[in-house]
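Close look at the chain arrangement
What follows is the residue order along each chain.
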Amino acid sequence: MRLDKYLKVSRLIKRRTVANEACDAGRVLINDKPAKASANVKEGDILTIRFGNKDVKVEVLDVRETVKKEEAAELFRYL
């Protein structure tokens, strides 16, 4: 699944356009490498997202096209 879509589906970032902008600005890393919005996300990947001066690190546990809001937190685990 595309990185921007995964960030939206997992509710880590609210909107896909915002996820796209974060990727373009180099604020999203997959396995410690800068990633484009079109990069592929798979189970086991480590995502690092920079929100201002705070880094959020998560491990991808599951990749699904659609999830309910209550189940979105099951797609990743904070590190």
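Residues numbered from 1 in each chain as written. Predicted model: local features only at pLDDT ≥ 70, side-chain atom pairs only at ≥ 80, totals over all residues. Heavy atoms only, no water.

Re the environment of leucine 3
Mapped onto the secondary structure, leucine 3 falls in helix H1 (residues 3-9). Look at leucine 3 and you get buried, because its relative accessible area is 0%. Counting along the chain gives 27 residues from leucine 3 to isoleucine 30, while the straight-line C-alpha distance between them is 9.0 Å. Leaving out residues up to four positions away in the same chain, leucine 3 has contacts with Cys23, Val28, Ile30, Ala35, Lys36, Ala37, Ala39, Val41 and Leu47. (Helix = DSSP H or I, 4+ residues; strand = E, 2+ residues; numbered from the N terminus. Buried < 20%, exposed > 50% of the residue type's maximum accessible area, 1.4 Å probe, protein only. Contact = heavy atoms within 4.5 Å.)

Observations regarding the nonpolar core
If you look at the biggest cluster of nonpolar residues, it comprises 24 residues, and the most contacted ones within it are Leu3, Tyr6, Leu7, Leu12, Val28 and Leu47. For this core, the elements supplying multiple residues, two or more each, are H1, helix H2 (16-24), strand S1 (28-30), strand S3 (46-51) and strand S4 (54-60). Tallying contributions element by element places H1 first for this core, with 4 residues. (Core = buried A, V, L, I, M, F, W, Y, C linked by side-chain atoms within 4.5 Å.)

Remarks on the pattern of salt bridges
Applying the stated criterion across every chain, the model contains 8 salt bridges. Lysine 42 serves as the salt-bridge partner of aspartate 45, at 3.3 Å between the closest nitrogen and oxygen. For aspartate 45, a relative accessible area of 3% corresponds to the buried category. As a salt-bridge pair, glutamate 59 and arginine 77 come within 2.2 Å of each other at their nearest N and O atoms. One end of the pair, glutamate 59, is in strand S4; the other, arginine 77, is in strand S5 (residues 76-78), with 18 residues separating them in the sequence. Among the residues examined, glutamate 59 registers a relative accessible area of 17% and is labelled buried. Classification of arginine 77 by relative accessible area gives partly exposed; the value is 42%. (Salt bridge = Lys/Arg side-chain N within 4 Å of Asp/Glu carboxyl O.)

Any functional reading would require information that these geometric values do not contain.
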